[in-house]
Amino acid sequence: MKKPLSFLSRESLLQAGVYQYGLIDVQEIPFSPEVRVMCTACPSYNHSWACPPAVGEIDDCRQTCLSYEKMLVFSARYELEDSFDYEGIQAGMRAFKEVCDKVFQLTHQHEGRYLLLSNEGCFRCKQCTWPNAPCRMPDRLFPSIEGYGILVSELARKAKISYVNGPNTVTYFGGLLF
Ligand code: SF4
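First things first, this report covers the structure right here in the doc. Quantities reported herein were computed from a predicted structural model and do not represent experimental measurements.

Focus on the overall build of the protein chain
Phase 1: Scanning the protein chain for helices and strands turns up five helices and four strands.
Phase 2: When the helices and strands of the protein chain are read in sequence order from the N terminus, they spell out α-β-α-α-β-α-β-α-β.
Phase 3: A compact globule built from 178 residues should have a C-alpha radius of gyration of about 16 Å, and the protein chain, at 15 Å, falls within 12% of that.
Phase 4: Considering only C-alpha atoms, the protein chain reaches an extent of 40 × 40 × 30 Å along its principal axes.
Phase 5: Residues classed as buried in the protein chain amount to 48% of the 178 residues present.
Phase 6: Here the contacts in the protein chain between residues at least 6 apart in sequence split such that 78% fall between residues at least 24 apart.
Phase 7: Carbon and sulfur atoms make up 51% of the accessible area of the protein chain, which amounts to about 9,800 Å² in all.

Here we look at the site of the ligand
Phase 1: Taken together, W49, C122, R124, C125, C128, T129, C135, R136 and L141 make up the full set of residues near the ligand.
Phase 2: Its residues assigned to classes, the shell around the ligand comprises six nonpolar, one polar and two charged.

Quick word on the nonpolar core
Phase 1: Formed by 25 residues in total, the largest nonpolar core has its most connected members in L72, F74, F96, V99, V103, L116 and L176.
Phase 2: Counting residues per element, the ones that place at least two in this core are β1 (20-25), β2 (70-79), α4 (86-105) and β4 (169-177).
Phase 3: Here the element with the most residues in this core is α4; it accounts for six residues.
Phase 4: Apart from the residues lying within four places of it in its own chain, the contact partners of L176 are L8, K70, M71, L72, F74, V103, F104, T107, Y114, L115 and L116.
Phase 5: One finds L155, A159, I161 and L177 within the second-largest nonpolar core, a separate group that totals 23 residues.

Remarks on helix α3 (residues 58-66)
Phase 1: If you check which residues of α3 are buried, you get I58, C61 and C65. What you see down the axis of α3 is that its buried residues fit within an arc of 60°, all on one side.
Phase 2: Tucked into the core, α3 has its buried residues touching α2 (33-39), β3 (115-117) and β4.

Remarks on α4
One full turn of an α-helix is made of 3.6 residues, so residues set three or four places apart face in the same direction.
Phase 1: The first and last C-alpha atoms of α4 sit 29 Å apart over 20 residues, in line with the 28 Å expected at 1.5 Å per residue.
Phase 2: Those residues of α4 that fall on the buried side of the exposure criterion are G88, G92, M93, F96, K97, V99, C100, D101, V103 and F104.
Phase 3: Those residues of α4 hidden inside the fold are in contact with α1 (10-15), β2, β3 and β4.

Some details on unusual backbone geometry
Phase 1: Residue P53 is reached from P52 by a cis peptide bond, and omega for that bond is 0°.
Phase 2: With respect to the secondary-structure elements, P53 resides in the loop between α2 and α3.
Phase 3: The phi angle at K160 is positive, at roughly 60°, despite the residue not being glycine.
Phase 4: Note that K160 resides in the loop between α5 (152-158) and β4.
Phase 5: We classify K160 as exposed; its relative accessible area is 74%.
Phase 6: You will see that N168, though not glycine, has its phi angle at about 55°, which is positive.
Phase 7: On the secondary structure map, N168 appears in the loop between α5 and β4.

Side note on the pairing of β2
Phase 1: Among the ten residues that make up β2, seven are buried, leaving the element largely enclosed by the rest of the structure.
Phase 2: With nine bridges connecting them, β2 and β4 associate as antiparallel partners. Bridging across to β4, F74 finds its partner in G174.

Each value, and the rule that gives it
- Residues numbered from 1 in each chain as written.
- Predicted model: local features only at pLDDT ≥ 70, side-chain atom pairs only at ≥ 80, totals over all residues.
- Heavy atoms only, no water.
- Helix = DSSP H or I, 4+ residues; strand = E, 2+ residues; numbered from the N terminus.
- Rg over C-alpha atoms; globule rule 2.2 N^0.38 Å.
- Buried < 20%, exposed > 50% of the residue type's maximum accessible area, 1.4 Å probe, protein only.
- Contact = heavy atoms within 4.5 Å.
- Areas by Shrake-Rupley, 256 points an atom, 1.4 Å probe, with all protein chains shown as cover.
- Near = heavy atom within 4 Å.
- Nonpolar A, V, L, I, M, F, W, Y, C, P; charged D, E, K, R; others polar.
- Core = buried A, V, L, I, M, F, W, Y, C linked by side-chain atoms within 4.5 Å.
- Arc of directions from axis to C-beta.
- Expected span 1.5 Å × (residues − 1).
- Pairing = 2+ DSSP bridges.

Given below as structure tokens:
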């Protein structure tokens, strides 16, 4: 795996809970209108500042991504009891949100512009303020990578990391733009 930035060392990423990572140019990010169609079936759709329609149209999301140079694509893998282990899937999701926080914290000591895209919606507040009031924690608002219209299976392929990581496991993906 390539070293993305001097302060995002392999050790610091693994310590944060990252399973695999890869670096791509933002021009390589695969957008797909079909992903946005799938978003409409998600409970977070129209219920979060991190998701559509709050994140804007897919072209807005693309332009936001293109205002950066690189994306560090990263994943975290969690064991499940079996493929129906809903509690395990939810626990993995919560753990992945902590991984995202830790990856983003690595950027804090370094000047630059960063945007972290995380898996699915934002669950920091019991009830999101969307659409009635501004986000309570805009500096910790990590938009949904799927909500941005990014085809994650193809993103993983471009970053040369695995999309599927064995039976009875779940893998979540994020992207750090810089
Ligand atoms: S931090 Fe709270 S208000 Fe902001 S997007 Fe997340 S849940 Fe909504």
